[in-house]
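Reading the structure
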Amino acid sequence: MHDMKSTTRAGIDIGGTFTDIVLETHGERFTSKLLTTLNNPADACMVGLKSVVQQAGITPIDVDLIIHGTTLATNAIIERKGAKTSMVTTRGFRDVIEIGTEGRPEQYDVNILKPEPLVPRRRRFTIPERINSTGDVLHPLKETELEALIPKLDKAGTEALAICFLHSYANPMHETVARDYFAKRRPKWFISISSDISPEFREFERFSTTCANAYVQPLTSTYLAEFDARLKTAGYQCQMMMMLSNGGLTTVQTARDVPVRLIESGPAGGAIFACDVAQRLEIRKALSFDMGGTTAKICLIDDYKPQTNRRFEVARVYRFRKDSGIPLRIPVIDMVEIGAGGGSIAQIDTLGRLTVGPESAGSAPGPACYDQGGTRPTVTDANLVLGRINPTDFAHSLLTLNTEAAETSLMTHVANPLNMSPISSAYGVTEIVCENMANATRVHAIESGKNTNDRTLIAFGGAAPLHICQLADKLDINRIIIPANAGVGSAVGFLRAPISYEVFRTHYQHLDDFDAEAANATLVKMEAQAQSTVKLGVSPNTKLTTNRVAYMRYHGQGHEIAVALTNDPLESNVAHSLKTLFDIEYKVIFGRNIGTIATAEIVSFAVTVTAEPDAVVTMPSSYTVEHSSHSTRIAFDSAMEEERHFTIVPRKNFLALKSVNGPAIITEKETSVVVSSIFKAHAMPSGDIELLRTGKRTLAKKTE
Amino acid sequence: MEELEILRKQLIWNRLISAVEEQAQTVIRTAFSQSVRECGDLSAGVFNKRGQMVAQAVTGTPGHVNAMAICIEHFINKFPVDHMKPGDIFCTNDPWLSVGHYHDVTVVTPAFYHGQVVGLFANTCHIVDMGGRGLGPDSRQVYEEGINIPIMHLARDGIVNEDLMGILRTNVRNARDMEGDFYAMIACNDEGTRRLISILEEFDLDDIEEVGDYIIQQSHDSIRTAVRNLPDGVYENEMILDGFTDSIHLKACTTIEGDQIIVDYDGTSEASLFGINVVMNFCIAYTVFGVNCIIGHNVPCNAGSINVVDVRAPLGSILNVERPMPVSARHVIGQMLPDLVFGCLTQAAPDKVPAEGAGAMWNPMFRGGPTAVDADIFASSPTITQDFDVITFNTGGTGGRPTLDGMSTTAFPSGVRTPPIEAIEADYPLIVWRKELREGSGGAGRYRGGLGQILEFGCKDGAPFSVAAMFDRTLAAPKGRHGGHNGAIGVVRTDDGQRLKSKGRQTIPYNKRLVLEMPGGGGYGDPRLRDPELVRQDALDELITPQTAQEDYGVVLMQDMRINQSATQEERSK
């Protein structure tokens, strides 16, 4: 049981490359960054925890809460290292997860790839049973049929089992009967049923989500149990909670039951970190921008809350394209991810166009300037040539960068084919990568019915601060925040996440003959389920809040819009006001009210129960103020499109300096904040850096 | 800086493609028709003032895209750009002026900036019901197929033309979906316009004429270069299709000379008496798509990329019909053109072209209720449903590829997706009893053809219903390439095994179901060169039988499904 007001908390974020640990105690923050120990991720965690506990001068028993996020589930799917999973489904529908939408992620390429299903055909079994869309049984399920499957499932070497029947969201009876039967006969199997994991209509997504859950469950369950035990042995008596894909926290037990909801919890921590920054600085409309080595992730934040979604794709196999991954229907923080990072490779295509990414040089061979065998130019090479990165002070000075190699690779692959100078081609590379990110952001915003131009950018991740002014120009944004502790942002975000749980259920209701009683019964059941999950993790007196949302559409449409409900029971006359709310919401998103020609319906409900979060703790900066000292360097200014003298200030000196006019570069161990000549940087008392626009970009005019 | 000019144009190019993508997303989000919102049967693009397409959304289906690109000039011929006013919106569904049948409606909106037209936005969506008989091949004249909207104002001053809407509402079965889709199409172009204006502002441009010319020229040159890289020659191919009453002979002669490419369909069968005929726009659309898949798949689609291929088809042939020939189910023939063209191109580029696939989609158009079924069946049936109309989009397998297996149940050349079964059953009294891969249907090959699927449809309580069949490849199979075997032919039948016709509306009696077995793709390369382990995997997954493994692939599997190495070696050396 845990009190949300606990004073000493540790956040652990295991990523693919780094493991980040953050400890906060009595208003102070301590951090540790280690290489992830891939064969046993808990090893690095234990070392890191020990380090922050020592830094803080406390003992393990003083830690009140540990919050953990891991890419374990994501990686198991990407690398296909999950359990031997079998699937039992309705007769006639063996191939739902393989057939998918029958679409292609790209029109003209005849050599596209489609994702391999997590459960191969040989382990997909069917059984006679059928329920229709209203939940009536068309063909009953017989126990003898279940019995007959046991030897086949045994022969398939089943470790985990996904039970996925058509229309089980409308009536879960057959799935629960099958689950109970198999659980009794084979207690060691990890069993997931689709009406539990994702009770929504659309069979492909529901089945796919259920299979993914089963696929990662044995691995996740074992890992969490072992890690929990190691913590206890090391003297950490407190509870551990897990970060979920939607930015909420839950107990280890719930995480073991629904591990598919752990997917993307690391990036979710990053978004929560940005939300926390937004709240501290009272930024009501923000855009978080997290750019690392291979990808960039962007999230819309309104009123300190990240945009959420119910659709997600993991393990995309074709250029990060939609419809090329495994669809999951789980509550997630809605982020666009594109193949744009420091390692993204630049090249000229057959049309003479400069393109950047999604192919990445990764860490091996890495960018050309690493001198580790890479010869193709990357975004990092371009930034080096532009003078934005100091070759002798990069990534904790672990590496000295070779500017000449960067220039040569740019010459060969970009500058010469386009008949440009190396510096122009380097600028071109950064322009294209920023353009890609800006376009993805805009398309994402339009899909959500939102704008980008009235937002404040919150930038973190190694590559983000290098490009932030260019991106802001393209999105017509005037204010940028580079938060303190951006390097361990996700782990800090974990400490800010609320304990919460979301339950989602398809429940068709046409507003013209709205049955309030049925709707209330469903909502009450959902709230009880969410509450009992949250209560596992909080003390009995903790105040819980409930959020209820109806997903609605005009009858005949296919895409639903979320409409917030109050917490009062729905009255039978509520239909009219719901319709009005929906019409308004629709007009906000699509600019036209078509309520006169169309009637509305409810498709699903979502109920989220949240434990009252902590009051925001303002952490003092961990930077010590030193005397102002700065130098200058020549670098390329994107605002004037020419080389300029940039003021160079180490971040630790910047607080004393208070502010600096662009062009300037504020240097850190892991990255540099590039301030173009139309921005001014301000040191905030909170330790964050604020960039404010002072002018408009002047594009170099044609020489006519 | 002069050298940054090129870069700037490339940035605007990217931006325009993004703008039309946003345009397409808007229509997907707001459309009523299942075909648009769930299936993606749409296209969206931006045009310069001369009516040339500059960018087009990646989303969309090729028949629309390329045909829409051609149709804009008809709009500006009738309503010259200089006379367009803010708030004007135009539309048409004339098959000969736009996309080949009444269901595909094109909406065009001029974009104004500082009081001047700076470009045109267009989108085409498949509207499920435009009156007449509904989608299907049974008409003898186009007049039976629905209502024709000549190029006209859909709105003036931003106010929708109520006269037009009034006529449409009373001519269709589902007025709400039809009208809702029109609004979605208007919203789609509005979004594009907003984006274009912000682009002009940011880059300080007056219009997109100059940058558009650059985009079109670069794309054009790229395709030309690709053509030049193919060996000169005359490459012929032909294909036999089921047709409606008589089989249809499609004939293509592709001539490559320098950077010129001509695809001539001379010798192709006369028009059909039924609605499976193709108008020239649609013929061009799928021909160009086929060519560009092989030689220019990375070239963004615009006026420059689609005007390289010179497409010719004799007037009056099934690929270039005149009014009043019926055209409703033109996809059945039109979507075979990429395979037909592939058969020519494989002679010029043998290592780049996949084997034949199912080609045209298998889209059963269902209708239920008293008016939909034969009178005698209605009279004797104990149950009947209310009236309903619904179409699903389904596919067979694609052909094996030069380095990859074909894709099972994947749309090609069409780009549409299938709706979820649970969505269909929630909205209509239809019940899908089976939707599974069709085992053994993929043609054997070093790279196996993709598998087709089996779909089984019934109605609630066994009620009778009817289906407008518009399926092909039930007589002649998709051909393998370079020694690969043919894919399986399609089958249309009831669940008790009674064969049905591949074309035309037919009643499925009380308590019977419709079964569609869709064609598999042809194989690519000699199956005896396929990695034996992959053959074993296919057998384990029951995509092929152990018998097929031995007979077609020369891989001998033992009882426990391990490979009998010596027997396999012997079998393969035969």
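Everything that follows concerns the structure shown earlier in this document.
Everything in this summary refers to the structure shown in the same document. (Residues numbered from 1 in each chain as written. Chains lettered and ligands numbered in written order. Predicted model: local features only at pLDDT ≥ 70, side-chain atom pairs only at ≥ 80, totals over all residues.)

1. Some thoughts on the overall build of chain B
- Helix and strand counts for chain B stand at 15 helices and 19 strands.
- For chain B, whose C-alpha radius of gyration is 25 Å, the value lies close to the compact-globule estimate of 25 Å for 574 residues.
- Across its three principal directions, the C-alpha atoms of chain B cover 80 × 70 × 40 Å.
- Across chain B, the fraction of contacts at a sequence separation of at least 24, relative to all contacts at a separation of at least 6, is 75%. (Helix = DSSP H or I, 4+ residues; strand = E, 2+ residues; numbered from the N terminus. Rg over C-alpha atoms; globule rule 2.2 N^0.38 Å. Contact = placed C-beta atoms within 7 Å.)

2. Focus: the pairing of strand 14 (residues 296-302) of chain A
Residue and element names in this part refer to chain A.
- Summarising burial for strand 14: six of the seven residues are buried, a large majority.
- Counted along the chain from strand 13 (residues 285-291) to the antiparallel partner strand 14, the turn is four residues long.
- With four bridges connecting them, strand 14 and strand 20 (residues 335-338) associate as antiparallel partners. Within the sheet, the bridge partner assigned to Ala296 lies in strand 20 and is Ile338.
- Here strand 14 runs beside strand 15 (residues 305-306); their pairing, made up of two bridges, is antiparallel. Within strand 15, the residue paired with Asp302 across the bridge is Lys305.
- Taking the residues between adjacent antiparallel strands as the criterion, strand 14 and strand 15 are bridged by two residues, where Asp303 takes a positive phi near 50°. (Buried ≥ 20, exposed ≤ 12 C-beta atoms within 10 Å, placed from the backbone. Pairing = 2+ DSSP bridges.)

3. A word on the nonpolar core
- Among the nonpolar cores identified, the biggest contains 378 residues, and A:Val675 and B:Val27 are the most heavily contacted of them.
- In this structure, A:Val675 is in contact with A:Cys469, A:Val660, A:Gly662, A:Pro663, A:Ala664, A:Ile665, A:Ile666, A:Ala681 and A:Leu691, ignoring residues within four places of it in sequence.
- By size, the runner-up hydrophobic cluster in this structure holds 12 residues, among which are B:Ala539, B:Ile544, B:Ala549 and B:Leu557. (Core = buried A, V, L, I, M, F, W, Y, C linked by C-beta atoms within 7 Å.)

4. With respect to the sheet that holds strand 12 (residues 249-251) of chain A
All names here are of chain A.
- Taken in spatial order, the six strands make up an open sheet running 3-2-1-4-11-12, and their pairing is mixed. Of all the strands in the sheet, just strand 3 (28-35) and strand 12 have a single pairing partner and so form its edges. Taking each pair of neighbouring strands and ignoring which way they run, the sheet shows an average axis angle of 25°.
- With eight bridges connecting them, strand 2 (residues 18-25) and strand 3 associate as antiparallel partners. Residue pairing in the sheet places Glu24 in a bridge with Arg29 of strand 3.
- Contacts from helix 14 (residues 489-496) reach strand 1 (8-14), strand 2, strand 4 (65-70) and strand 11 (239-243) within the one sheet, and its direction differs from that of strand 1 by about 135°. (Axes fitted to C-alpha atoms, helices over the stretch in contact; angles between N-to-C directions.)

5. Things to note about helix 13 (residues 532-540) of chain B
Residues and elements named next belong to chain B.
- Along helix 13, the positions that sit buried rather than exposed are Pro532, Val535, Arg536, Asp538 and Ala539. Down the axis of helix 13, the buried side of the element spans an arc of 160°, and every buried residue falls inside it.
- Here the buried face of helix 13 lies against helix 14 (546-551) and helix 15 (565-573).
- Once helix 13 finishes, Glu542 follows within two positions and takes phi at roughly 60°, a positive value. (Arc of directions from axis to C-beta.)

6. Quick notes on the sheet that holds strand 19 (residues 514-517) of chain B
Residues and elements named next belong to chain B.
- Strand order in this open sheet of four strands is 14-15-19-17, and the pairing throughout is antiparallel. Lying at the two open borders of the sheet, with one neighbouring strand each, are strand 14 (430-437) and strand 17 (491-494). Here the strands of the sheet are splayed against their neighbours by 15° on average, with no regard to which way each runs.
- Two elements, strand 14 and strand 15 (residues 453-459), share seven bridges in a ladder whose sense is antiparallel. Residue pairing for strand 15: Leu430 is matched across the bridge by Cys459.

7. Observations regarding the interface of chain A and chain B
- Chain A puts 62 residues into the contact, and the matching count from chain B is 73 residues.
- Elements that contribute at least two residues to the side of chain A that touches chain B include exactly helix 3 (96-99), helix 7 (203-233) and helix 12 (422-447) of chain A.
- Looking at the side of chain A that touches chain B element by element, the count peaks at nine residues for helix 12 of chain A.
- Its residues assigned to classes, the side of chain A that touches chain B comprises 22 nonpolar, 20 polar and 20 charged. (Nonpolar A, V, L, I, M, F, W, Y, C, P; charged D, E, K, R; others polar.)

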